[in-house]
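Listed here are the chains, written in short residue letters.
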Amino acid sequence: MNNQFPYLKKKKMEEQQLLPPVETKEKRPTMLTVLCILTFIGSGLNTFSNFMVFLFFDTSMKFAAELVKSFKISGMDLFLDAKPVYFAVTAVINAIAVAGAIKMWQMQKLGFHIYTISQILVIICPMYFFHFPSPDFFSILLSGIFVLLYSPYLKKMS
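It is worth spelling out the overall build of the protein chain at this point. Helix and strand counts for the protein chain come out as six helices and zero strands. Put simply, the protein chain runs from its N terminus to its C terminus through helices and strands in the order α-α-α-α-α-α. The buried share among the 158 residues of the protein chain stands at 30%. At a minimum sequence separation of 6, the contacts of the protein chain that also span at least 24 residues come to 72%. Within the structure as shown, the protein chain displays about 11,300 Å² of accessible surface, and the carbon and sulfur contribution to it stands at 69%.

Now for unusual backbone geometry. Backbone geometry follows two general trends: most residues other than glycine have a negative phi, and most peptide bonds adopt the trans configuration. Here Met 107, not a glycine, exhibits a phi torsion of approximately 65°, which is positive. Turning to its location among the elements, Met 107 is positioned in the loop between α4 (84-105) and α5 (109-130). Look at Met 107 and you get buried, because its relative accessible area is 7%. For His 131, which is not a glycine, the phi torsion comes out positive at approximately 60°. The topology assignment puts His 131 in the loop between α5 and α6 (137-150). Owing to a relative accessible area of 68%, His 131 belongs among the exposed residues under this scheme.

When pLDDT is averaged along the protein chain, the result is 88, and 84% of the positions lie at 70 or above. Highest mean pLDDT in the protein chain belongs to α4 (98); lowest belongs to helix α1 (residues 6-18) (57).

To continue, consider the nonpolar core. If you look at the biggest cluster of nonpolar residues, it comprises 15 residues, and the most contacted ones within it are Leu 32, Met 104, Phe 112, Tyr 115, Tyr 150 and Met 157. Of all the secondary-structure elements, those providing two or more residues to this core are α2 (30-55), α4, α5 and α6. Once you skip the residues sitting within four places of it in the chain, Leu 32 turns out to touch Met 104, Met 107, Tyr 150, Tyr 153 and Met 157. Core analysis: the second largest hydrophobic core is formed by nine residues, Phe 57, Met 61, Tyr 86 and Phe 130 among them.

Side chains three or four residues apart in an α-helix point the same way, a direct result of the helix having 3.6 residues per turn. For α5, built from 22 residues, the straight-helix expectation of 32 Å at 1.5 Å per residue is met to within 8% by its first-to-last C-alpha distance of 33 Å. A bend of about 30° at Ile 124 is the largest found in α5, and the proline Pro 126 appears one to four places after it. Listed in full, the buried residues belonging to α5 are Gly 111, Phe 112, Tyr 115, Thr 116, Ser 118, Gln 119, Ile 123, Cys 125, Pro 126 and Phe 130.

End to end, α6 covers 20 Å across 14 residues, agreeing with the expected 20 Å (1.5 Å per residue, within 8%). Along α6, the residues that are buried comprise Ser 139, Ser 143, Phe 146, Val 147 and Tyr 150. The buried residues of α6 occupy an angular sector of 100° when the element is viewed end-on, so they sit on one face. Seen from the buried face of α6, the exposed residues on the opposite side, beyond 90 degrees, are Phe 137, Phe 138 and Leu 148. Contacts made by the buried residues of α6 are with α2, α4 and α5.

What follows deals with a nonpolar patch on the surface. A contiguous nonpolar patch, built from Met 31, Val 34, Leu 38, Phe 137, Phe 138, Leu 141, Leu 142, Ile 145 and Leu 149 and spanning about 820 Å² of accessible area, is present on the exposed surface. Broken down by element, the nonpolar patch gets its largest block of residues, six residues, from α6.

Rules of the game
Residues numbered from 1 in each chain as written. Predicted model: local features only at pLDDT ≥ 70, side-chain atom pairs only at ≥ 80, totals over all residues. Heavy atoms only, no water. Helix = DSSP H or I, 4+ residues; strand = E, 2+ residues; numbered from the N terminus. Buried < 20%, exposed > 50% of the residue type's maximum accessible area, 1.4 Å probe, protein only. Contact = heavy atoms within 4.5 Å. Areas by Shrake-Rupley, 256 points an atom, 1.4 Å probe, with all protein chains shown as cover. pLDDT = per-residue confidence, 0-100. Core = buried A, V, L, I, M, F, W, Y, C linked by side-chain atoms within 4.5 Å. Expected span 1.5 Å × (residues − 1). Bend = angle between axes of the 7 residues up to and from the residue. Arc of directions from axis to C-beta. Patch = residues over 30% accessible without salt bridge, like charges linked within 9 Å, V, L, I, M, F, W, Y side chains within 5 Å. Salt bridge = Lys/Arg side-chain N within 4 Å of Asp/Glu carboxyl O.

Now the structure itself:
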């Protein structure tokens, strides 16, 4: 049968030579994917909400004042003293965190460093704008957990 259709065998060999070489790119670990998605959601929503408060500052502050008055939310009255620039800066910092997560999604080490810097800024920013003597424990805890969970994947990133 091979003798009857020699052109088939030749054509098959030609096709095999035309295929592009298979790249052995390392697959993104599932946990890294989950962490990036959580960062996209959390930092993405923070970017959006802080930017909206910045754009509609007066309306947002009136609404926040009503919430404080109606629900007696402790600590919320602190934000009534905030300036619009605080919300613009925090929107940018959270956008930087998203950019870092995008780079980590692409398996690039630079993303981890960008993300880590953004988390340091997330901790420092309220101290600067509200003149706190020390950082917020919850911010340190949440940022620290994410940075620690991202760190083992540095070895797999390029």
